[in-house]
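# Examination of the molecular architecture
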Amino acid sequence: MRSETIAIHGGYDVDPTTKAVAVPIYQTVAYAFDSADHAAALFNLEVEGFRYSRISNPTNAVLERRVAALEGGLEALCVSTGQSAINYAMLNLTELGSNIVSTPQLYGTTHTLFAHVLPSQGVNVRFAESDQPDAIERLIDDKTRGVFCESVANPAGNICDLEAFARVAHNHGVPLIVDNTVATPILLRPIEYGADIVVHSLTKFMGGHGTTLGGIIVDSGRFPWMEHAQRFPMFTQPDLSYHNLVYAEHFKEAAYIARCRSVYLRTTGSVLSPMSAFLLLQGIETVALRVERHVENGRRVAEFLRNDRRVEWVNYAGFPDSPFRTLAQKYLGGRACSLMTFGVKGGFEAGKKFYDALKLFKRLVNLGDAKSLACHPASTTHRQMPVEEQRKAGVGPETIRLSVGIEHIDDIIADLDQALDATESDERSKLLSCRSLISFEER
Ligand SMILES: *Cc1c(COP(=O)(O)O)cnc(C)c1O
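Given the structure is predicted, the values throughout are model-derived calculations rather than measurements. Within any chain, residue numbers begin from 1 and follow the written order of that chain's sequence. Side-chain atom pairs in this predicted model are given and counted only at pLDDT of 80 or more, local residue features only at pLDDT of at least 70, and totals for whole chains, interfaces and linings cover all residues. Side-chain metrics rest on all non-hydrogen atoms present in the structure, leaving aside hydrogens and water.

A word on the packing of helix α4 (residues 82-91) against helix α5 (residues 108-120). Following both chains from N to C, one finds α4 and α5 inclined at 40 degrees, their axes separated by 10 Å at the closest point. When the axis of α4 is compared with that of α5, the two are oblique. Of the two possible hands of crossing, α4 and α5 adopt the one that is right-handed. Residue-level contacts link Q83, I86, N87, M90 and L91 of α4 to T109, T110, L113, F114 and L118 of α5. Charged means Asp, Glu, Lys or Arg here, nonpolar means Ala, Val, Leu, Ile, Met, Phe, Trp, Tyr, Cys or Pro, and polar covers whatever is left, Gly included. When grouped by side-chain class, the residues that make up the contact of α4 with α5 number six nonpolar, four polar and no charged. Angles shown run from 0 to 180 degrees and are taken between the N-to-C directions of axes, each axis being a line fitted to C-alpha atoms and, for helices, limited to the stretch in contact. Strands here mean DSSP runs of E at least two residues long; helices mean DSSP runs of H or I at least four residues long; both are numbered from the N terminus. Roughly parallel here means an angle under 35 degrees, roughly antiparallel means over 145, roughly perpendicular means 65 to 115, and every remaining angle is called oblique. For a crossing to be left-handed, the near helix must be turned anticlockwise from the far one by less than a right angle; the clockwise case is right-handed. Here a residue-residue contact requires only that any non-hydrogen atoms of the pair lie within 4.5 Å.

For the purposes of this section, nonpolar cores are sets of buried Ala, Val, Leu, Ile, Met, Phe, Trp, Tyr and Cys residues that join through side-chain atoms within 4.5 Å. Accessibility here uses a 1.4 Å probe with only protein chains present; expressed as a share of the type maximum, an area under 20% marks a residue as buried, one over 50% as exposed, and anything in between as partly exposed. In terms of nonpolar packing, the biggest core is built from 88 residues, with L63, V301, L305 and L402 touching the most fellow members. Per-element tally for this core: the top contributor is helix α13 (residues 287-306), with eight residues. Where each domain begins and ends follows an automated or database-derived domain assignment. No fewer than three residues from each of domain 1 (3-283) and domain 2 (287-432) sit in this core. Among residues more than four places away in sequence, those in contact with L402 are V301, L305, S338, L339, M340, F342, F361, L373, A374 and L416. One finds A89, L113, Y256 and Y264 within the second-largest nonpolar core, a separate group that totals 38 residues.

Further remarks concern the packing of aromatic side chains. Aromatic pairs are defined between Phe, Tyr and Trp rings, using the six-membered ring for Trp, whenever the two ring centres lie within 6.5 Å; interplanar angles under 30 degrees are classed as stacked, those over 60 as edge-to-face, and all others as tilted. Within this structure, the stated rule accounts for 14 aromatic pairs. Aromatic pair Y193 and Y331: ring centres 4.6 Å apart, planes at 70 degrees, arrangement edge-to-face. Of the two residues, Y193 is situated in the loop between α8 (184-187) and β6 (197-201) and Y331 in helix α14 (residues 325-332); the sequence distance between them amounts to 138 residues. Aromatic pair F223 and F232: ring centres 5.6 Å apart, planes at 80 degrees, arrangement edge-to-face. In this pair, the class of F223 matches that of F232, namely buried. One aromatic cluster is present, built from ring pairs that chain together F223, W225, F232, F235 and Y256. To sit over a ring, a charge needs its Lys NZ or Arg CZ within 6 Å of the ring centre and within 35 degrees of the ring normal. Directly above the ring of F43 sits R51, whose terminal nitrogen or CZ lies 4.6 Å from the centroid. The side chain of R259 reaches across the aromatic face of F235, ending 5.8 Å from its centre.

The next thing to look at is the sheet that holds strand β10 (residues 362-363). Sheet architecture is open: five strands sit in the order β8-β9-β12-β11-β10, paired in mixed fashion. Both outer strands of the open sheet, β8 (311-315) and β10, are each paired with one neighbouring strand and no more. Of the pairings in the sheet, the one linking strand β9 (residues 339-344) to strand β12 (residues 400-403) comprises four bridges and is antiparallel in character. Its bridge partner lying in β12, F342 is registered against I400. One bridge is not enough; two strands pair if DSSP finds at least two bridges between them.

Structurally, the chain comprises domain 1 (3-283) and domain 2 (287-432). For domain 1 and domain 2, the distance between their C-alpha centroids amounts to 30 Å. In this assembly, 37 residues from domain 1 lie in contact with 36 residues from domain 2. Note on definitions: buried area is the accessible-area loss of two parts on being combined, 1.4 Å probe, summed for both. The junction of domain 1 with domain 2 conceals about 3,100 Å² of combined surface from both sides, 64% of it contributed by carbon and sulfur atoms. Sorting the residues of domain 1 by area buried against domain 2 places I159, L187 and F205 first, and these three jointly supply 25% of that buried surface. Throughout this description, the term salt bridge denotes a Lys or Arg side-chain nitrogen within 4 Å of a carboxyl oxygen of Asp or Glu. Across the contact surface, domain 1 and domain 2 share one salt bridge. Linking E163 and K330 is a salt bridge whose minimum nitrogen-to-oxygen distance equals 2.6 Å. Elements represented by at least two residues in the side of domain 1 that touches domain 2 include exactly α1 (3-9), α5, α7 (162-171) and α8.

As structure tokens, this is what we get:
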């Protein structure tokens, strides 16, 4: 089935007991066992079924099957947020003293997780100088357990050459982990280009309405853990915390998600509530339609901004002369995302004026909502980063990030236009005061 169809039907037919057509919300903590033997078989992971909703839940299972199908993966694990998806995806590959190699262009909180939190737990993250495959390759050593990137980075907007990244990672016997939040599987399916693991913040375009936090880890099922047994003992050696189970033997190609569920979700519990899974499923039903409109509105806004003399620069991968044009063509079919950054003339002060004058666009830190959103990364999402790191992440003091919504394009542009007026009046008054200063000095 195609993505549009999977988004609506994937992972669910009708409920076998009630024939409910909509996905039921299984608001239950536990599930009854038929007998002591049945319970033991469940706990031995010998039979499929549900035990306790911290480990799995039927509503969440539909979400997992649906997103796995959308991404062309084997299995998925949904969790409470995008951040916990990234954290678990990393923990599931690493141990004390090992490292991950990452591109520098990252979502701000992921950068903090990588630069500070994982290292404090004994897992180092090495940031490459750039998003070029050779810059990644230089940092991989025998302690490396994975390569991480965002397919389309937030907010830098650079598009990673996933095929080249996968080649580099696989040459060194490590998996490629891709955060596909901004692109969504509607624009890009990283597994088709060799990615091994895909993570998402479902909070953004997937849920699509700014109501519900959620995250998911999708495994392609293709990484050969057994071939790299030395590097990944967590999959190939008996797990003392789970009666000596060897994940890669017991679960074969499904080892990665099985271990993530029974080790990390089970013991540290960043569970998605079934109510949230239901809301996210509801959102996903329309993701293909919404993304289509986001892309079209994004293109119109980018063109408007670029042709406006009040705007200094626009970073949008869909322009014919964008440095990412070729990659956008290859990986997104030319459909650049509706996320873009730009700077208004007049720098930081003018940028602030513009930001404060927005009416339809909401000032906040979020993206991928049906509503048009604007963010000032330097004062919010990337505030914790030193200025130099901000630059590497594609954030300047004047940068405004837009997530163009699916409202009528005329209303979106009218709002930007009136907000740009506010910056211009500011510019004019500065010019005037500058002139009066000159004439004052001349006097
Ligand atoms: C928002 C976001 C996250 C974090 O997701 P939450 O659901 O807010 O935890 C991770 N990666 C990217 C690219 C994001 O945009």
